[in-house]
Amino acid sequence: MSAGRMLIMGGIALIVAGMVFGDIFAVFVLHQNGGRTGETLLAAAQAATDQHAAGVRDAFTRIGDLLEDRGTKVDTHVHLTDAGYLALLLALVQPYVALPAQRKKRLAEIFMAGSVMLPVGIFLIHYVGLAYSPFRVIGWASVLADVGGAVLVVALAGEIWGLWKYFCGERLGTEPELATENTWSERVLLSGGTMLVLLGFLHGAWYAGLDLYEHEQGEVRILNELADQAAANSRAGMTQAVNDYGVLAARKAVSIAAHSHLIEFGLLAMLLSFIQPYVFLSETWKRRWVMVLLAGSLILPVFVLFEMHIGLPAGGIADAGGLLIIVALTGMLAGVLRYTGRADSVIS
Amino acid sequence: MSGARKILIFGGLALAAFGMLYGLHYALFVEHQTLDSMGKSLTEGFVAVADQRQPQAHEAVQAYARIKYNYVRQVDSHSHWIGLAMLMIVLGAVFDRVRFSERTRRWLAIGLQVGSILFPFGVLLQTADGSARLGSVLATAGAGLVTIALAGVAVGFARLRS
């Protein structure tokens, strides 16, 4: 199997794994984690009211654990899918990497190894902690994640070296460019993907310009209010402040999630437009998967934003949007596997 | 390979490698310590409430806000450098299908490249003492440049015929 095909299949598999992980996280962890963080913040304020400093420290240690639990799972999801995108990108530039075929394949294997090590290491950070670690704040899982990141940098440096040689005139190991057939599926994925990225940029600019600083000031105001209510021994005031904090955190989370998912799905659609010639399915099925993918790519971020207005039903529809993308990606991966099988049988 | 595609592919790969190196450095030497400081500030704030030292409580909340302000921007710079680099490489692979003259395509590629460097750099500069305003100006200019160039690319793709 060539480096290009390994990167295409590995890339789609990583993206599917990242999406499945993200959907499981959204359904079973995200909201429950937020609820527990709010309860623990209220417990910290109550401990402050009771002038129980040790109770405050204990509550914030638990909040730290909850935030680490959430943060490492978000990072696992992001790094899995982003490594998948990068694998697809590297597959695209393989024709311009002037290195022997065997070395290109080795670089692809190194890249895939780093792509697995990094998210697995991040996922384990919360569970391994500082057990048996010689460092003060960095545990073995962090070390695994950092080594995975370094392995990715090494693989990328190798690819850049091959590209540099190509630009210097070296043609050893270069292949024909990825064929584009300008089919309906390719054009719709390319233009739809570009529009999704543009929408994501505009939404991000809107958020940074109008909401970001207001949210940051709002967080400080609410925390100060919580401290004041705790000092005044007002249980109702503390509960209100913690509720306000939860609403603000949710507003921030849905805005950032909508922005990042619009851009990532746009990129994904554009990347998938390049590999359509390698999806060995009938044109009708290719078009179906394209429509399912683009529908999911729009449904997920739009309904994530609606969560603040409609509540949980919007969250459920957003999760269903994520499922549509997983189904479409799996369909396309099946097509690439069929292409690979056919190519291998022709060679043999 | 056209000049515009070289700018996007080679520039994108270099930017992705730089973004990853920055992320690796940040994860190794800054992030854990920053998260530790954030947690300590907030804890200190509520311990001060428990000790009936309200002014110190508010100071600790302000310290938490300052650390978080920097943390958010440092992480955003890392993710935006890599994200924009990936967009550049993707566009580089297909840039010949943008239906404009080579000269226009080259300007669009330069706009994407310069904006992709400037925007996260401006965000990072917001965390440096005395450079917040300059950082905001650079970030806004970079983001505007990338958005306008991408809108141009979208128009170029829309002109594509079957």
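Here the residue numbering is sequential within each chain, running from 1 through the sequence in written order. Following the order in which they are written, the chains are lettered starting with A and the ligands numbered starting with 1. Owing to the predicted nature of the model, reporting of local features is limited to residues with pLDDT of at least 70; listing and counting of side-chain atom pairs is limited to 80 or more, with chain, interface and lining totals taken over all residues.

## What to know about the overall build of chain A
Selection criterion: Each helix is a run of DSSP H or I of at least 4 residues and each strand a run of E of at least 2, with the numbering of both proceeding from the N terminus. We call two residues in contact when the distance between their C-beta atoms, placed using the backbone, is within 7 Å.
Helices and strands together make up the secondary structure of chain A, namely eight helices and zero strands. Taking the principal axes of its C-alpha atoms as reference, chain A extends roughly 80 × 50 × 35 Å. Long-range contacts, defined here as pairs at least 24 residues apart, represent 82% of the contacts in chain A between residues at least 6 apart.

## Describing the overall build of chain B
Stated precisely, the cut-off is as follows: Exposed residues have 12 or fewer other C-beta atoms within 10 Å of their own C-beta, buried residues have 20 or more, and residues in between are partly exposed; the C-beta atoms are placed from the backbone.
Counting its secondary structure elements, chain B contains four helices and zero strands. Along chain B, helices and strands appear, N-terminal first, in the series α-α-α-α. For chain B, the C-alpha atoms occupy an extent of roughly 70 × 30 × 25 Å along the three principal directions. Burial status across chain B gives 46% buried among its 162 residues. Contacts spanning at least 24 positions in sequence make up 74% of the contacts within chain B whose residues lie at least 6 apart.

## Section: the nonpolar core
Put simply, the test is: By definition, a nonpolar core groups buried Ala, Val, Leu, Ile, Met, Phe, Trp, Tyr and Cys residues that connect through C-beta atoms lying within 7 Å of each other.
In terms of nonpolar packing, the biggest core is built from 118 residues, with Leu89(A), Met86(B) and Ile89(B) touching the most fellow members. For this core, the element with the most residues is helix α6 (residues 235-275) of chain A, which contributes 14 residues. Once residues within four sequence positions are removed from consideration, Met86(B) is found in contact with Tyr85(A), Leu86(A), Leu89(A), Leu267(A) and Ala16(B). Core analysis: the next-biggest nonpolar cluster, separate from the first, contains 31 residues, Leu41(A), Met38(B), Ala60(B) and Val61(B) among them.

## Considerations on the interface of chain B and chain A
Short version of the rule: Classes in brief: Ala, Val, Leu, Ile, Met, Phe, Trp, Tyr, Cys and Pro nonpolar; Asp, Glu, Lys and Arg charged; the others, Gly included, polar.
The interface of chain B with chain A comprises 50 residues on the first partner and 53 residues on the second. Put simply, the parts of the chain that give the side of chain B that touches chain A at least two residues each are α1 (3-50), α2 (54-94) and α4 (132-158) of chain B. The residue makeup of the side of chain B that touches chain A, split by class, is 35 nonpolar, 12 polar and three charged.

## Quick notes on the domain arrangement of chain A
Residue and element names in this part refer to chain A. What counts, and what does not: Domains are outlined according to an automatic or database domain assignment.
When the domains of chain A are assigned, the result is domain 1 (1-178) and domain 2 (182-348). Each of domain 1 and domain 2 was reduced to a C-alpha centroid, and the two centroids are 18 Å apart. The interface of domain 1 with domain 2 comprises 28 residues on the first partner and 28 residues on the second. The set of elements that each furnish at least two residues to the side of domain 1 that touches domain 2 consists of α1 (3-49) and α2 (53-93). Ranked by the residues each element gives to the side of domain 1 that touches domain 2, the list is headed by α1, at 21 residues. Here the residues of the side of domain 1 that touches domain 2 are counted per class, giving 20 nonpolar, six polar and two charged.

## Regarding the packing of α1(A) against helix α3 (residues 101-128) of chain A
The geometry of a pair of packed helices is captured by two quantities: the angle between their axes and the separation between those axes. Residues and elements named next belong to chain A. Under the convention used in this document: Convention adopted: a line fitted to C-alpha atoms gives each axis, helices being fitted over their contacting stretch, and angles between N-to-C directions are expressed from 0 to 180 degrees. Our angle categories are set so that under 35 degrees counts as roughly parallel, over 145 as roughly antiparallel, 65 to 115 as roughly perpendicular, and the remainder as oblique. Here a crossing is taken to be left-handed if its near helix is turned anticlockwise relative to the far helix by less than a right angle, and right-handed if that turn runs clockwise.
Look at α1 against α3: their axes get within 9 Å of each other, and the N-to-C directions meet at 15°. Between α1 and α3, the interaxial angle falls into the category roughly parallel. Where α1 crosses over α3, the two elements pack in a sense that is left-handed. Touching Ala-3, Met-6, Leu-7, Gly-10 and Leu-14 of α1 are Lys-104, Lys-105, Leu-107, Ala-108, Met-112 and Ser-115, all from α3. Partitioned by chemical class, the residues of the contact of α1 with α3 number seven nonpolar, two polar and two charged.

## Here's the deal with the packing of α2(A) against α2(B)
α2(B) packs onto α2(A) with a crossing angle of 35° between their chain directions and a minimal axis gap of 10 Å. Two packed elements cross with a definite hand, and for α2(A) against α2(B) that hand is left-handed. The segment α2(A) lies against α2(B), with Tyr85(A), Leu86(A), Leu89(A), Leu92(A) and Val93(A) engaging Met86(B), Ile89(B), Val90(B) and Ala93(B). Its residues assigned to classes, the contact of α2(A) with α2(B) comprises nine nonpolar, no polar and no charged.

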